[in-house]
Amino acid sequence: TADGKDPKDNDVHGEDTENVTTIVAGASLDVVKNADKTEEAKVGETITYTITVKNDGNVTLTNVKVDDDQTGLHKEIAELAVGATETFTAEHIITEDDLLAGSYTNVAKAEADDPTKDDDTKVTDEDTETVTTEEVNAHIKVKKTADVTSGLEVGDEVNYTIVVTNDGNVTLTNVVVVDAKTGLNVTIDELAVNDSKTYETKHTINEEDLIAGKFDNIATADGKDPKDNDVHGEDTE
């Protein structure tokens, strides 16, 4: 507007209107989730996730909630300006269940109030990351040793030590350890990865052993992996 006076003190008025249009207001979130390792993960290995939340719209967002339920991450951002980002980290330890499934997948989510709406509408986004695990390798090792291995006579006693070790990467169950010639027969209900059990047994040299020139016998261990497959190990002394 322009308002003034002419020489006779009369009012003089003029005005003009110009409309400037803006781009459409748009609320938007972008969630990106990355793991520090995505392949060949082992049981017990810690996977660290980086979760980045960005306001990629053109209006300020408030009450931004970031959740990664499976890792226990729950964060709030009071205000996130246009173009701004916030970064969080979360961890997951690979379990035997993950190994048997072949992978571990989880989701990071974010939501915020949408200032372009008059109701309780939320703007949301999410990202999923999958970590594959190493192959299942069920294996059992049997190691049998004698306290003496030569120069034996009838009546001499041989003492054996039998060590059974789960040297695979999954828990074994119902492991039956047998040394038939010495009468050893025991069952291990559960043998965790890297765990060992040790047993002692013995044999007295007899005339048949003397005639044969030696006494051979075998210790065996037979169990099941988590998928009910047979697992076998043995050693001869």
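Treat the numbers as computed from the prediction; the structure is a model and nothing was measured.

### What about the overall build of the chain?
Then, number 1: If you tally the helices and strands in the chain, you get 2 helices and 16 strands.
Then, number 2: In terms of overall dimensions, the chain is more spread out than a globule: its C-alpha atoms have a radius of gyration of 37 Å, far above the 18 Å expected for 237 residues.
Then, number 3: Principal-axis analysis of the C-alpha atoms gives the chain an extent of 145 × 30 × 20 Å.
Then, number 4: Scored against the burial criterion, the 237 residues of the chain give a buried share of 32%.
Then, number 5: Carbon and sulfur atoms make up 43% of the accessible area of the chain, which amounts to about 14200 Å² in all.
Then, number 6: Across the chain, the mean location of the 20 positive side-chain charges is 1 Å away from that of the 56 negative side-chain charges.

### Some details on the side chain of D225
Then, number 1: Take D225: it is sitting in the loop between strand 15 (218-224) and strand 16 (230-236).
Then, number 2: The buried charged residue D225 lacks any salt bridge partner; its closest oppositely charged side chain belongs to K227, at an N-O distance of 7.4 Å.
Then, number 3: For D225, the contacting residues outside a window of four places in its chain are A138, V170, T171, L172 and V231.

### Here's the deal with the layout of surface pockets
Then, number 1: The computed volume of the largest pocket comes to approximately 260 Å³.
Then, number 2: Taken together, 16 residues line the largest pocket, and the ones lying closest to its centre are T149, L152, I205, K214 and F215.
Then, number 3: Broken down by secondary-structure element, the contributors of at least two residues to the lining of the largest pocket are strand 11 (157-165) and helix 2 (207-212).

### Brief notes about the pairing of strand 6 (residues 73-80)
Then, number 1: Alignment of strand 5 (residues 61-68) against strand 6, held across 7 bridges, turns out to be antiparallel. Counterpart to V64 in the pairing with strand 6 is I77.
Then, number 2: With antiparallel pairing between neighbouring strands as the criterion, strand 5 and strand 6 make up a hairpin whose turn holds 4 residues, including G72 at a positive phi of roughly 85 degrees.

### Section: the packing of aromatic side chains
Then, number 1: Counted under the stated rule, the structure contains 0 aromatic pairs.
Then, number 2: Directly above the ring of Y49 sits K33, whose terminal nitrogen or CZ lies 4.3 Å from the centroid.
Then, number 3: The ring of Y160 carries the charged tip of K144 above its face, separated from the ring centre by 4.3 Å.

### A word on the nonpolar core
Then, number 1: Counting residues in hydrophobic clusters, the biggest one holds 18 residues, and the most contacted among them are L29, I51, V53, L61, V64 and V66.
Then, number 2: Elements that contribute at least two residues to this core include exactly strand 3 (29-35), strand 4 (46-55), strand 5, strand 6, strand 7 (85-93) and strand 8 (103-113).
Then, number 3: Leave out the neighbours within four places in its chain, and V66 touches I51, V53, L73, H74, K75, I77, F88, K109 and A110.

### Structural notes on the sheet that holds strand 9 (residues 122-132)
Then, number 1: Taken in spatial order, the 4 strands of this open sheet run 6-5-8-9, and their pairing is antiparallel. At either margin of the open sheet sits one strand with a lone partner, and together these are strand 6 and strand 9. Here the strands of the sheet are splayed against their neighbours by 15 degrees on average, with no regard to which way each runs.

### Here we look at a negative patch on the surface
Then, number 1: On the surface, a cluster of negative charge is made up of D3, E15, D16 and E18.
Then, number 2: With respect to the helices, strands and loops of the structure, E18 is situated in the loop between strand 2 (11-14) and strand 3.

### Topic: unusual backbone geometry
Then, number 1: Phi at E40 is positive, roughly 55 degrees, even though this residue is not glycine.
Then, number 2: For E40, the location among the structural elements is in the loop between strand 3 and strand 4.
Then, number 3: Judged by relative accessible area, E40 falls into the partly exposed class, the value being 47%.
Then, number 4: Unusually for a residue other than glycine, D228 sits at a positive phi of about 70 degrees.
Then, number 5: Inspection of the secondary structure puts D228 in the loop between strand 15 and strand 16.

Calculation notes
Residues numbered from 1 in each chain as written. Predicted model: local features only at pLDDT ≥ 70, side-chain atom pairs only at ≥ 80, totals over all residues. Heavy atoms only, no water. Helix = DSSP H or I, 4+ residues; strand = E, 2+ residues; numbered from the N terminus. Rg over C-alpha atoms; globule rule 2.2 N^0.38 Å. Buried < 20%, exposed > 50% of the residue type's maximum accessible area, 1.4 Å probe, protein only. Areas by Shrake-Rupley, 256 points an atom, 1.4 Å probe, with all protein chains shown as cover. Lys, Arg positive; Asp, Glu negative; His and termini not counted. Charge placed at Lys NZ, Arg CZ, Asp CG, Glu CD. Salt bridge = Lys/Arg side-chain N within 4 Å of Asp/Glu carboxyl O. Contact = heavy atoms within 4.5 Å. 1 Å grid on protein atoms, 1.4 Å probe; cavity = no way out; pocket = protein on both sides within 12 Å on 5 of 7 lines; lining within 4 Å. Points joined across faces, edges and corners; volume = space filled by probe spheres on them. Pairing = 2+ DSSP bridges. Phe/Tyr/Trp six-rings, centres within 6.5 Å; stacked < 30°, edge-to-face > 60°. Lys NZ or Arg CZ within 6 Å of the ring centre and 35° of its normal. Core = buried A, V, L, I, M, F, W, Y, C linked by side-chain atoms within 4.5 Å. Axes fitted to C-alpha atoms, helices over the stretch in contact; angles between N-to-C directions. Patch = residues over 30% accessible without salt bridge, like charges linked within 9 Å, V, L, I, M, F, W, Y side chains within 5 Å.

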